[in-house]
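Chain residues, written in single-letter form:
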Protein chains: 2
Amino acid sequence: MELVTINDVRAAASRIGGLTLRTPLLDSEPLSAEFGSRILAKPENLQHTGSFKVRGALNTLLDWRDRGILPAGVVSFSAGNHAAAVARAGEQLGVRAIVAMPTEPVASKVENVVRYGGEIVRTADLAGTCAALAAEHGYPALYPFDLPEVIAGQGTVGLEICADGPEPDLVLVPVGGGGLLSGVAVAVRALAPRARIVGVEPETSNAMSLAVRAGEIVPVPDPTATIADGLMAPFAGRHTLAHVRALVDEVVEVPDEAIGDAWRGVVESTKLLVEPSAALGLAALRTGVVRAPPGGVTVLVLSGGNTDLGRLAAQ
Amino acid sequence: MELVTINDVRAAASRIGGLTLRTPLLDSEPLSAEFGSRILAKPENLQHTGSFKVRGALNTLLDWRDRGILPAGVVSFSAGNHAAAVARAGEQLGVRAIVAMPTEPVASKVENVVRYGGEIVRTADLAGTCAALAAEHGYPALYPFDLPEVIAGQGTVGLEICADGPEPDLVLVPVGGGGLLSGVAVAVRALAPRARIVGVEPETSNAMSLAVRAGEIVPVPDPTATIADGLMAPFAGRHTLAHVRALVDEVVEVPDEAIGDAWRGVVESTKLLVEPSAALGLAALRTGVVRAPPGGVTVLVLSGGNTDLGRLAAQ
């Protein structure tokens, strides 16, 4: 399967530049002291809509527009962040957005989709409902992770990491369906070839680990068992699996208790409001499943910040 | 009284540059939509120690070192953020730091001072205890706001606002003793002369408003009555009052209920963990006591992020 290239990521960056934020790369003094490695955070919680997802969604619609195939509407499925991203991208380009979401989504994620005019259909069967909506309306699916245009858009996160900071030795990326990891891997492998690129999944929602081990896509028994509501992908993607096999050093798994602790830890250390999914990298370091290179540079990709304060304080 | 100049602020910036973060200037799409004004945040919660205070404390010690008068120790008083800043600056320059703090400080602020090796003396009489500690140890006081070197250091916040963003029409700054407001006013008045500079105080801890109205320094009856624990200055300073009278357009007051609401509002809108004191600017906009210029550029200075998550979630 053909992989997304660094040129595709660069093209995405120039397409979406004016409509997304170039998030900063932030030094964390407390985390650097904790691990004896310079820890930098890439805070995509500060991105418009509160997650990196706008990058891929916008790149896809802008690419389709450039190619003269922009539809009147799109369908998709999402725990919420991709839904908000599709809604915002649709609003900006005049495209209707209908998104299948879980029956019990995070409240602030629902508000976020509604803010940008997205239409929500609640369902326990995200992918099946998405397919049914596509058939019903005749709209194409803007999939949350398994599209080359989406991967290229998410890759702009990696482009910015390499352009704005010191050369990284280790880049830790949370994994749901693998779109962010795939895109970041394309950029970092090209621009910082010696960097170790590691994806981190919840033990209970480990679609990519299952796929890597089996050599093919395997459905996750119950992806909703994790606190990391943004990483509940029911399966990995064909494109994302191919990118991970070709470009990523390792995909590791962390238990949910560690994610909860790390969630609070990220917020207290970095002063950034993040959602649980964004804490996977710190969870991997704190559990010791991944080691920060002593004296080196470690980048934590903080994927999003759409969460409820009450849940956070209860951690 | 001689005022701090833009050259003093520039000198401070070159002194402290390598030891402080250049915090980004962040666009808030939800707040911009709410007020019909482009709202930018200057997130000093992301600064080392979690507040802008390191700028002034470091500038003072570095300036003293340059002049050959660096002492073996310093004393000060603080609700916590200045204490951590003095402790960190002291640790970096080999200077002992002893700080008078309130009897019931915010827990995370105490931890923060201890992290950097600061020594804490708890007291209800902050300024009196500071003076007694100075006499006991023979150390000079690194006052939290009423020193030209501190004002010049805090002014680097204004320098960065003017250098990194569009020309501001309105800059909103939280006010305790007025050091941040004074410094920011020096820089913004010099570099963006048409900008309106407004300080915002809690109604119940309004040292600067009292001083401006009286034309002299007036003690605040009970500065500890506000939720904004970082703004509990018992009085304005001689230097800060002079700067405010010369350079600031207006100092306004907001009620505590509005601060609590705005606190949660800043966190949810910007995805930044801030402390209540950082929410004064948004409180001023939401209560209507200050109006964001329609179609213009408004900058909210978010002063710090040292707070307890439980208190925030309870708002």
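Cut-offs applied
- Residues numbered from 1 in each chain as written.
- Chains lettered and ligands numbered in written order.
- Predicted model: local features only at pLDDT ≥ 70, side-chain atom pairs only at ≥ 80, totals over all residues.
- Heavy atoms only, no water.
- Contact = heavy atoms within 4.5 Å.
- Buried area = accessible area lost by both parts, 1.4 Å probe.
- Salt bridge = Lys/Arg side-chain N within 4 Å of Asp/Glu carboxyl O.
- Polar contact = N/O pair within 3.5 Å; in protein donor to acceptor, adjacent residues only side chain to side chain.
- Helix = DSSP H or I, 4+ residues; strand = E, 2+ residues; numbered from the N terminus.
- Nonpolar A, V, L, I, M, F, W, Y, C, P; charged D, E, K, R; others polar.
- Pairing = 2+ DSSP bridges.
- Axes fitted to C-alpha atoms, helices over the stretch in contact; angles between N-to-C directions.
- Domains from an automatic or database assignment.

1. Focus: the interface of chain A and chain B
Thought 1: Contacts between chain A and chain B engage 24 residues on the former and 24 residues on the latter.
Thought 2: Taking both partners together, chain A and chain B bury about 2000 Å²; carbon and sulfur atoms supply 66% of that area.
Thought 3: When the buried area of chain A at its contact with chain B is split by residue, Glu29, Lys271 and Leu309 of chain A rank highest and sum to 34% of it.
Thought 4: Taken together, the connections running from chain A to chain B amount to two salt bridges.
Thought 5: Between Glu29 of chain A and Arg88 of chain B there is a salt bridge; the shortest N-O distance is 2.8 Å.
Thought 6: Summed over the shared surface of chain A and chain B, the result is 12 residue pairs in polar contact (both at pLDDT 80 or more).
Thought 7: When residues of the side of chain A that touches chain B are traced back to their parent elements, those giving at least two are strand 1 (26-27), helix 11 (256-270) and helix 13 (309-313) of chain A.
Thought 8: Tallied by class, the residues present in the side of chain A that touches chain B amount to 11 nonpolar, seven polar and six charged.

2. Digging into the sheet that holds strand 3 (residues 73-77) of chain B
Residues and elements named next belong to chain B.
Thought 1: As summarised here, the arrangement of the three strands in space is 3-4-5, forming an open sheet in which the pairing is parallel. Taken across any chain shown, the strands that pair with only one partner, and hence form the sheet edges, are strand 3 and strand 5 (119-122). Each strand of the sheet is rotated relative to its neighbour by a mean of 20°, with strand direction disregarded.
Thought 2: In the sheet, strand 4 (residues 96-101) pairs with strand 5 via four bridges, with the strands oriented parallel. If you follow Ile98 over to strand 5, its bridge partner there is Glu119.
Thought 3: Sitting on the sheet, helix 4 (residues 81-93) is in contact with strand 3 and strand 4, with an inclination near 175° to strand 4.

3. Examining the domain arrangement of chain A
Residues and elements named next belong to chain A.
Thought 1: The domain boundaries assigned to chain A delineate domain 1 (6-52 + 147-313) and domain 2 (53-137).
Thought 2: Each of domain 1 and domain 2 has a C-alpha centre, and these two points are 22 Å apart.
Thought 3: Of the residues lining the interface, 31 residues belong to domain 1; the matching set on domain 2 comes to 26 residues.
Thought 4: Both sides together, the interface formed by domain 1 and domain 2 hides about 2300 Å², and carbon and sulfur atoms give 54% of it.
Thought 5: Counting the surface domain 1 buries against domain 2, the share from its top three residues, Arg15, Thr49 and Glu149, is 28%.
Thought 6: Put simply, Glu275 and Lys109 hold a salt bridge, and the shortest N to O gap is 2.6 Å.

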